[in-house]
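Here is how the chains run, residue by residue.
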Amino acid sequence: MKKALSPAEATERLEILCARSEQCSADIRRKLYNWGIGSSQSQRIIERLEQDRYIDDSRFAKAYVRDKYRFSAWGRIKITAGLIAKRIPRHIIDEALLEIDSRTYALTAFKAIRSKLRTLPPDMPRYDIRARLMRFALSRGYESSLSLRIIDSQRLWQE
């Protein structure tokens, strides 16, 4: 069994971790629990890290939105679900999602769906292709109305 960390050691490790990458308070709380730090001591450590600006849930949410949107091509629904799982408050999530430009969002969704279309066999019935594209778009977290508009657009089907 691992030796429990002292609060000072835990704080030092967390400062290093937070200096390397954005972290949310829920992840830090989970780490402290796994390290055997009690809840009252954890709360003091988290408050100190927030005061020293090592942790900022708003900054974390904005970075999360940027990364998942740009690099993973996730839609708003999947990004929101990820932030909710990280226990980020809804008002912070809504503020972070405002960073996504609607035009580039639709273009990203279009490119992702077109990319999926190219992987499907050309002799497959059109209704099966549409169903697969819709499932793909929804699994990526794109809204059903946007996904349908893209799938029904003539531009998608032209090469």
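Here the structure is shown first, and the text comes after it.
Residues numbered from 1 in each chain as written. Predicted model: local features only at pLDDT ≥ 70, side-chain atom pairs only at ≥ 80, totals over all residues. Heavy atoms only, no water.

Student: Help me understand unusual backbone geometry in this model?
Tutor: Where the residue is not glycine, phi is negative for most of them; where a peptide bond is considered, it is trans in most cases. Of note in the backbone geometry, R53 takes a positive phi value of approximately 65 degrees without being a glycine. Relative to the assigned elements, R53 resides in the loop between α3 (39-51) and α4 (57-70). With relative accessibility at 51%, the residue R53 sits in the exposed group. Here the phi dihedral of R87 falls at roughly 60 degrees; this positive angle occurs in a residue that is not glycine. If you trace the backbone, R87 turns up in the loop between α5 (76-85) and α6 (90-97). (Helix = DSSP H or I, 4+ residues; strand = E, 2+ residues; numbered from the N terminus. Buried < 20%, exposed > 50% of the residue type's maximum accessible area, 1.4 Å probe, protein only.)

Student: What am I meant to see in helix α7 (residues 102-119) here?
Tutor: Turn by turn, an α-helix covers 3.6 residues, leaving residues three or four places apart pointing in a common direction. Taking 1.5 Å per residue as the helical rise, α7 with its 18 residues ought to reach 26 Å, and the 26 Å between its terminal C-alpha atoms agrees with that figure. Y105, A109, F110, A112, I113 and L117 are the residues of α7 that are buried. The buried residues of α7 occupy an angular sector of 165 degrees when projected down its axis, which confines them to one face. Exposed and oriented more than 90 degrees from the buried face of α7 are R103, R118 and T119. Looking at the buried side of α7, the elements it contacts are α4, α5, α8 (126-139), α9 (144-152) and α10 (154-157). (Expected span 1.5 Å × (residues − 1). Arc of directions from axis to C-beta. Contact = heavy atoms within 4.5 Å.)

Student: Can you help me understand the nonpolar core in this one?
Tutor: Formed by 33 residues in total, the largest nonpolar core has its most connected members in V65, I79, L83, I88, I100, I113 and L133. Other than its neighbours up to four places away in sequence, I88 contacts C24, D57, F60, A61, L83 and I93. Listed in part, the 12 residues of the second largest apolar core include L14, L17, C18 and L32. (Core = buried A, V, L, I, M, F, W, Y, C linked by side-chain atoms within 4.5 Å.)

Student: Please explain the side chain of D56 as it appears in this structure.
Tutor: As for its position among the elements, D56 is in the loop between α3 and α4. Residue classification places D56 among the buried residues on the basis of a relative accessible area of 18%. Within the local environment of D56, its side chain forms a polar contact with the side chain of R53, the two groups lying 2.9 Å apart. Sequence-distant contacts of D56, that is, excluding residues within four places in its chain, are made with E22 and Q23. (Polar contact = N/O pair within 3.5 Å; in protein donor to acceptor, adjacent residues only side chain to side chain.)

Student: Hey, could you run me through the packing of helix α1 (residues 7-20) against helix α2 (residues 25-34) in this one?
Tutor: Helix-helix packing: each pair is described by the crossing angle between the helix axes and the interaxial distance. One way to put it is that α1 packs onto α2 with a least axis distance of 11 Å and a crossing angle of 145 degrees. Considering how the two elements wind past one another, α1 and α2 form a crossing that is right-handed. Note on element contacts: α2 touches α1 through I28, K31 and L32, opposite A10, L14, L17 and C18. When the residues that make up the contact of α1 with α2 are grouped by side-chain class, the tally is six nonpolar, no polar and one charged. (Axes fitted to C-alpha atoms, helices over the stretch in contact; angles between N-to-C directions. Left-handed = near helix turned anticlockwise from the far one by under 90°. Nonpolar A, V, L, I, M, F, W, Y, C, P; charged D, E, K, R; others polar.)

Student: Even after reading the chapter, I still don't get the side chain of S25, so can you show me in this structure?
Tutor: Tracing the sequence through the fold places S25 in helix α2. Taking relative accessible area as the criterion, S25 reaches 10% and is therefore assigned buried. At a separation of 2.8 Å, a polar atom in the side chain of S25 contacts the side chain of D57. Setting aside anything within four residues of it in sequence, one finds S25 in contact with I46, E50, I55 and D57.

Student: Whenever I open this one, α9 confuses me. Can you help?
Tutor: By the burial criterion, the buried members of α9 are L146, S147, I150 and I151. Projected onto a plane normal to the axis of α9, the buried residues spread over an arc of 130 degrees and lie on a single side. Tucked into the core, α9 has its buried residues touching α7, α8 and α10.

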